[in-house]
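# A look at the structure
Each chain is listed here by its residues.
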Amino acid sequence: MSVEKVMSSLCYFSVFFAPFLFPIIVFLVMRDEEVSYHAKRAILSHLFPFVSLILAFITLFVLDVGTVIILGIFVFGLLNVIVFIWNIVKGIQVLRW
């Protein structure tokens, strides 16, 4: 197993330990094009839960309709779980090829 595969995979798995920091460091340090590609994708996928959390809070404080708020929070939560699972799947896929 090559170092490039492991670093690319760790960018996705960093959702467990350093979601933003690790992929940014890998992107800046590693000069391999494949690793940089996966680091950028991991950064974007780690940003999604943060952005959706901000949108959920905006929805919570701006809208007064209880059902819409609960539905919005449920949708944002579901999307965050999907992105979390996607990161795990992508990390495994990178290790396998």
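Here the structure is shown first, and the text comes after it.
Definitions and cut-offs
Residues numbered from 1 in each chain as written. Predicted model: local features only at pLDDT ≥ 70, side-chain atom pairs only at ≥ 80, totals over all residues. Heavy atoms only, no water. Helix = DSSP H or I, 4+ residues; strand = E, 2+ residues; numbered from the N terminus. Rg over C-alpha atoms; globule rule 2.2 N^0.38 Å. Buried < 20%, exposed > 50% of the residue type's maximum accessible area, 1.4 Å probe, protein only. Contact = heavy atoms within 4.5 Å. Areas by Shrake-Rupley, 256 points an atom, 1.4 Å probe, with all protein chains shown as cover. Lys, Arg positive; Asp, Glu negative; His and termini not counted. Charge placed at Lys NZ, Arg CZ, Asp CG, Glu CD. Phe/Tyr/Trp six-rings, centres within 6.5 Å; stacked < 30°, edge-to-face > 60°. Core = buried A, V, L, I, M, F, W, Y, C linked by side-chain atoms within 4.5 Å.

Across its full length, the protein chain holds 4 helices and 0 strands. From first element to last, N terminus to C terminus, the protein chain shows the α and β order α-α-α-α. Its C-alpha atoms give the protein chain a radius of gyration of 16 Å, clearly above 13 Å, the size a compact globule of 97 residues would have. For the protein chain, the C-alpha atoms occupy an extent of roughly 55 × 25 × 20 Å along the three principal directions. Of all 97 residues assigned to the protein chain, the portion counted as buried reaches 33%. Pairs at least 24 residues apart make up 67% of the contacts formed inside the protein chain by residues separated by at least 6 positions. Working note: accessible area of the protein chain is about 6400 Å², and carbon and sulfur atoms make up 78% of it. Of the side-chain charges in the protein chain, 6 are positive and 5 negative, and the distance between the mean point of each set is 6 Å.

In this section: the environment of Ile92. Structurally, Ile92 can be placed in helix 4 (residues 66-96). Taking relative accessible area as the criterion, Ile92 reaches 42% and is therefore assigned partly exposed. Separated by 79 residues in sequence, Ile92 and Phe13 place their C-alpha atoms 8.8 Å apart.

One pass over the full model with this rule turns up 4 aromatic pairs. When the centroid spacing of 5.9 Å and the interplanar angle of 85 degrees are considered together, the rings of Tyr12 and Trp86 count as edge-to-face. With Tyr12 in helix 1 (residues 3-13) and Trp86 in helix 4, the pair connects residues that are 74 residues apart, well separated along the chain. Of the residues examined, Trp86 reaches a relative accessible area of 31% and is grouped as partly exposed. Ring geometry for Phe17 and Phe22: centres 5.7 Å apart, planes at 70 degrees, overall edge-to-face.

Turning to the nonpolar core, a few remarks are in order. Listed in full, the 11 residues of the largest apolar core are Met7, Cys11, Tyr12, Ala18, Phe22, Val26, Met30, Val35, Ala39, Ala42 and Val94. Every residue in contact with Met30, bar those within four places of it in the chain, is listed here: Met7, Val35 and Ser36.

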